[in-house]
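The residues making up each chain are set out below.
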Amino acid sequence: MTETAEKPKMKRWRRLLGPEETLRLLEGSVVHREGAVLALNKPPGLPVLGRPGDLSLDALLPALRQRLGLAPELHVVKAPAREYSGLVLLSSCYHTTKKLQQFFTNARLRGQYPATYRAITVGIPAEVEGEIRTGLCWQQHGDRAMVVPVPAPGRRSLARKDVKSTLTRYRVLGTVGGCALLQLQPRTAFPEQLQVHLTLLLCPALGDHKHSSRVGRVLGVPFLTPETAPTRTQVLDEELLSRLGLSPQQLHHLPLHIHLRELVLPEGPLCAPPPPHFLHTLRCLGLPEH
């Protein structure tokens, strides 16, 4: 696959959509609609909340509600982070919203995993399946705040909620050429949890331009760099760039490859297919599309 053949796709990745285009995209991304519950398949890069004047899902909800003929109120029950793609669960009923939020809380307390993600990683975990357990906290590095792991958090820091204990279960679904397709099931919720947990596996997510710099390589062997390592555009070797049809100059346009694929509701599971860029990468690499 040549670099020239891929240029149209790269232009689509980096072009910012306006409100009208985003609304049309969301209107066509409905994967479930029943009673007060609506589920959308969110594209990567769209935040759920934003500052006044910013393009966000919350800002588009009134117009989306009108186009879909929904009740006056539309609440976000559950949604992936800004850079993630995948299922957004909405409700047009206050009581349904509270019921679903309580359901997800109770599921986690019972040790269940109601959310399932897919991720494409640069690197392959040493074990086919396992758990990543660590404390996470916000830490200031100069003018930027970073989420960093705390391997053995003390009781006091946990009690003060300075640090949160986090857990993600993972399973390898396929590997090829130093890359992997992973299933991720977080038991806890913390900003950037999945990205940080993947770096602890020495397998950062493809398109992670924030945390991938924490994984270095010497003679092909990965290792964790200091937490103070500056963030930078993810570095990929020439062979992987060629397989993806990318040049080094195009890398900073590469979206994060983490997708919220499934949510388990009281009535059963809801699923959302991966977005076009995710499917394209699976096919380029020869990873399974299931």
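Calculation notes
- Residues numbered from 1 in each chain as written.
- Predicted model: local features only at pLDDT ≥ 70, side-chain atom pairs only at ≥ 80, totals over all residues.
- Heavy atoms only, no water.
- Helix = DSSP H or I, 4+ residues; strand = E, 2+ residues; numbered from the N terminus.
- Polar contact = N/O pair within 3.5 Å; in protein donor to acceptor, adjacent residues only side chain to side chain.
- Contact = heavy atoms within 4.5 Å.
- Buried < 20%, exposed > 50% of the residue type's maximum accessible area, 1.4 Å probe, protein only.
- Arc of directions from axis to C-beta.
- Axes fitted to C-alpha atoms, helices over the stretch in contact; angles between N-to-C directions.
- Parallel < 35°, antiparallel > 145°, perpendicular 65-115°, else oblique.
- Left-handed = near helix turned anticlockwise from the far one by under 90°.
- Nonpolar A, V, L, I, M, F, W, Y, C, P; charged D, E, K, R; others polar.
- 1 Å grid on protein atoms, 1.4 Å probe; cavity = no way out; pocket = protein on both sides within 12 Å on 5 of 7 lines; lining within 4 Å.
- Points joined across faces, edges and corners; volume = space filled by probe spheres on them.
- Patch = residues over 30% accessible without salt bridge, like charges linked within 9 Å, V, L, I, M, F, W, Y side chains within 5 Å.
- Areas by Shrake-Rupley, 256 points an atom, 1.4 Å probe, with all protein chains shown as cover.
- Salt bridge = Lys/Arg side-chain N within 4 Å of Asp/Glu carboxyl O.
- pLDDT = per-residue confidence, 0-100.
- Pairing = 2+ DSSP bridges.

### Quick notes on the side chain of Thr-188
Move 1: Summarising the element assignment, Thr-188 is placed in the loop between β9 (179–186) and α6 (193–200).
Move 2: Within polar-contact distance, the side chain of Thr-188 engages the backbone nitrogen of Leu-167 at 3.0 Å.
Move 3: Polar contacts involving the side chain of Thr-188 include one to the side chain of Gln-193, which spans 3.0 Å.
Move 4: Here Thr-188 is in contact with Lys-164, Ser-165, Thr-166, Leu-167 and Gln-193, once residues within four sequence places are set aside.

### Quick look at helix α3 (residues 57–68)
Move 1: All of the buried residues in α3 are Leu-57, Leu-60, Leu-61, Leu-64, Arg-65 and Leu-68. An end-on view of α3 places all buried positions within 150° of arc, on one side of the element.
Move 2: Contact partners of the buried residues in α3: α2 (19–27), β1 (30–34), β2 (37–42), β3 (75–78) and β4 (85–91).
Move 3: The first or second residue beyond α3 is Gly-69, which carries a positive phi of 65°.

### Observations regarding the environment of Val-163
Move 1: Within the secondary structure, Val-163 is located in the loop between α5 (155–159) and β8 (164–176).
Move 2: Linking Val-163 and His-290, residues 127 residues apart in sequence, is a C-alpha distance of 36 Å.
Move 3: With near-sequence residues (within four places) excluded, Val-163 lies in contact with Gly-135, Leu-136, Cys-137, Val-150, Pro-153, Ser-157 and Leu-158.

### Some remarks on the packing of α2 against α3
Move 1: Between α2 and α3, the least distance of the axes is 10 Å, while the angle of their chain directions is 60°. Comparing the axis directions of α2 and α3 gives the class oblique. As α2 runs across α3, the sense of the crossing is right-handed. Where α2 abuts α3, its residues Pro-19, Glu-20, Thr-22, Leu-23, Arg-24, Leu-26 and Glu-27 lie against Leu-57, Leu-60, Ala-63, Leu-64, Arg-67 and Leu-68.
Move 2: Taken together, the residues of the contact of α2 with α3 sort by class into 8 nonpolar, 1 polar and 4 charged.

### With respect to empty space enclosed by the protein
Move 1: One pass over the structure, following the stated rule, counts 1 cavity of 30 Å³ or more.
Move 2: Considering only enclosed or pocket space, the largest cavity measures out at about 30 Å³ in volume.
Move 3: In terms of lining residues, the largest cavity is bounded by Arg-33, Gly-35, Ala-36, Val-37, Leu-38, Leu-70, Leu-74 and Ser-92.
Move 4: Of the residues in the lining of the largest cavity, the class split is 5 nonpolar, 2 polar and 1 charged.

### Describing a nonpolar patch on the surface
Move 1: A contiguous nonpolar surface patch, about 340 Å² in accessible area, is contributed by Val-218, Leu-219 and Phe-223.
Move 2: Note that Phe-223 resides in strand β11 (residues 221–224).

### Considerations on the pattern of salt bridges
Move 1: On inspection of all chains with the given rule, the structure shows 9 salt bridges.
Move 2: Residues Glu-83 and Arg-82 are paired through a salt bridge, measuring 3.6 Å at the closest nitrogen-oxygen approach.
Move 3: Judged by relative accessible area, which is 40%, Glu-83 ranks as partly exposed.
Move 4: Between Arg-133 and Glu-131 there is a salt bridge, with its nearest N and O atoms 3.1 Å apart.

### Notes on the confidence of the model for the protein chain
Move 1: In this model, the protein chain carries an average pLDDT of 88, and 93% of its residues clear a pLDDT of 70 or more.
Move 2: Here helix α1 (residues 3–14) stands out as the least confident element of the protein chain, with mean pLDDT 41; strand β5 (residues 115–122) is the most confident, with 98.
Move 3: Scored below 50 in pLDDT, residues 1–15 makes 24 contacts in the model with residues more than four places away or belonging to other chains.

### Some thoughts on the pairing of strand β10 (residues 215–218)
Move 1: Where β10 lies against β11, 4 bridges are found, and the strand directions are antiparallel. Considered in β11, the bridge of Arg-217 is made with Pro-222.
Move 2: The loop that links β10 with its antiparallel partner β11 comprises 2 residues; one of these, Leu-219, has a positive phi angle of about 55°.

### A few points about the environment of Ala-272
Move 1: Inspection of the secondary structure puts Ala-272 in the loop between β13 (268–271) and α8 (276–285).
Move 2: Residue Ala-272 is classed as buried on the basis of its relative accessible area, which comes to 3%.
Move 3: Leave out the neighbours within four places in its chain, and Ala-272 touches Asn-41, Leu-87, His-259, Leu-260 and Arg-261.

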